[in-house]
Amino acid sequence: NAGVTQTPKFQVLKTGQSMTLQCAQDMNHEYMSWYRQDPGMGLRLIHYSVGAGITDQGEVPNGYNVSRSTTEDFPLRLLSAAPSQTSVYFCASRRGGNTEAFFGQGTRLTVV
Amino acid sequence: GESVGLHLPTLSVQEGDNSIINCAYSNSASDYFIWYKQESGKGPQFIIDIRSNMDKRQGQRVTVLLNKTVKHLSLQIAATQPGDSAVYFCAEKSEGGYQKVTFGTGTKLQVIP
């Protein structure tokens, strides 16, 4: 099993550009989520999904969209990148009812 | 609102000594409390969890203590090793629905050889 795979690992965007961060898991987990990690602020939940076709907003959803068309994939879309979205983004998955989440390696995004 | 925080941002420990990482929480409705370890350049990794109706749980070289009276959580690492150097996050899982997991800000553990 590859676990949770995120691509790309690094990305530089210009203000106003859009892009999609990819996330895939091969553990057949129902729950998937996106977090952003900023210095001194821990991980903050952006969006999450409890299964294919079901998504909802987390703590900091503005400027991001998600979709969950399959159990395996949970892409995160930045609609119009802003410098405030410079961060490290983590995708995670877990089995429903479990506490153990599996994280990807992260995507370091810089918006200039 | 919900919040999970840590008392110490950085903890330096001599190799072989025991480490204690502390965490305060405010959401009494959480049903699980969780510790994650994050090594440099990697995603967080699950260490151990404790159900809210317990006050102690032991794993391999780690022990988590939960004091609901003062809303305090701690992670004890026995015989700290250089490989334990990382940032440690406490987190809490809410009951019901999506069972959202909320993370604290993290404590950096530095092991001195």
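Each chain has its residues counted from 1, running along the sequence as written. Following the order in which they are written, the chains are lettered starting with A and the ligands numbered starting with 1. The predicted nature of this model means local features are confined to residues of pLDDT at least 70 and side-chain atom pairs, given and counted, to a pLDDT of 80 or more, with totals for whole chains, interfaces and linings taken over all residues. The side-chain numbers reported here are obtained from all heavy atoms of the structure, hydrogens and water having been left aside.

Caption draft 1: Up close: the pattern of salt bridges. Take a side-chain nitrogen of Lys or Arg and a carboxyl oxygen of Asp or Glu: if they are within 4 Å of each other, that pair is a salt bridge. Per the stated rule, a full pass over the model turns up 7 salt bridges over all chains. With its nearest N and O atoms 2.8 Å apart, the salt bridge here joins A:Arg44 to A:Asp38. Residue A:Asp38 is classed as buried on the basis of its relative accessible area of 11%. For B:Lys42, the salt bridge identified is with B:Glu39, shortest N-O distance 3.3 Å. Three or more residues joined by partner-sharing salt bridges are found here, namely A:Arg36, A:Asp38 and A:Arg44. Relative accessibility under 20% of the residue-type maximum defines a buried residue, over 50% an exposed one, and the middle range a partly exposed one, all with a 1.4 Å probe and only protein chains included.

Caption draft 2: Structural context of the sheet that holds strand β1 (residues 4-7) of chain A. Residues and elements named next belong to chain A. Pairing is antiparallel in the open sheet, where 4 strands are placed in the order β1-β3-β8-β7. Both edges of this open sheet fall to β1 and β7 (64-66), since each of them pairs with a single strand only. Shown here is a sheet whose adjacent strand axes are inclined to one another by a mean of 20°, direction ignored. Strand pairing is assigned whenever DSSP identifies at least 2 bridges connecting the two strands. Counting from the N terminus, the helices are the DSSP runs of H or I reaching at least four residues and the strands are the DSSP runs of E reaching at least two. Direction of pairing for β7 relative to strand β8 (residues 76-78): antiparallel, over a ladder of 3 bridges. Residue pairing in the sheet places Val66 in a bridge with Leu76 of β8. Here an angle of 0 to 180 degrees is reported between the N-to-C directions of two axes, which are lines fitted to C-alpha atoms, with helices fitted over the stretch in contact.

Caption draft 3: Highlighting the environment of B:Phe89. Inspection of the secondary structure assignment puts B:Phe89 in strand β9 (residues 86-94). What makes B:Phe89 buried here is its relative accessible area of 1%. The sequence separation of B:Phe89 and B:Tyr36 amounts to 53 residues, and the corresponding C-alpha distance is 5.1 Å. Here, residues are in contact when the closest pair of their heavy atoms is within 4.5 Å. Those residues in contact with B:Phe89 that sit more than four places away from it in its chain are A:Gln37, A:Gly42, A:Leu43, B:Ile34, B:Trp35, B:Tyr36, B:Gln38, B:Phe103, B:Gly104, B:Thr105 and B:Gly106.

Caption draft 4: Local environment of the interface of chain B and chain A. Residue-level contacts link 20 residues of chain B with 23 residues of chain A. Two parts placed together each lose some accessible area under a 1.4 Å probe, and adding up what both lose gives the buried area. A buried area of about 1700 Å², summed over both sides, lies between chain B and chain A, and 57% of it is on carbon and sulfur atoms. For the pair chain B and chain A, the number of links is 0 salt bridges. In the analysis that follows, any N or O atom pair within 3.5 Å is treated as a polar contact, provided that within protein one partner can donate a hydrogen and the other can accept it, and provided that, for residues neighboring in sequence, both atoms belong to side chains. Between chain B and chain A we count 5 residue pairs in polar contact (both at pLDDT 80 or more) in total. When residues in the side of chain B that touches chain A are grouped by element, the largest group, 4 residues, is from strand β4 (residues 30-38) of chain B. Throughout this entry, Asp, Glu, Lys and Arg are counted as charged residues, while Ala, Val, Leu, Ile, Met, Phe, Trp, Tyr, Cys and Pro are counted as nonpolar. The remaining residues, Gly among them, count as polar. For the side of chain B that touches chain A, the per-class residue count stands at 9 nonpolar, 7 polar and 4 charged.

Caption draft 5: Summary view of the state of the cysteines. In this description, the term disulfide denotes a pair of cysteine sulfurs within 2.5 Å. Using the criterion set out here, one finds 2 disulfides over all chains in the structure. One disulfide in the model links A:Cys23 with A:Cys91; its S-S distance is 1.9 Å. Judged by the torsion about the S-S bond (-70°), the A:Cys23/A:Cys91 disulfide is left-handed. Of this pair, A:Cys23 sits in strand β3 (residues 19-25) while A:Cys91 is found in strand β9 (residues 87-94), placing the two residues 68 residues apart along the sequence. The exposure classification of A:Cys23 matches that of A:Cys91, with both residues buried. Two residues, B:Cys23 and B:Cys90, share a disulfide whose sulfurs are 1.9 Å apart.

Take it as geometry only, folks, not as evidence of what the structure does.
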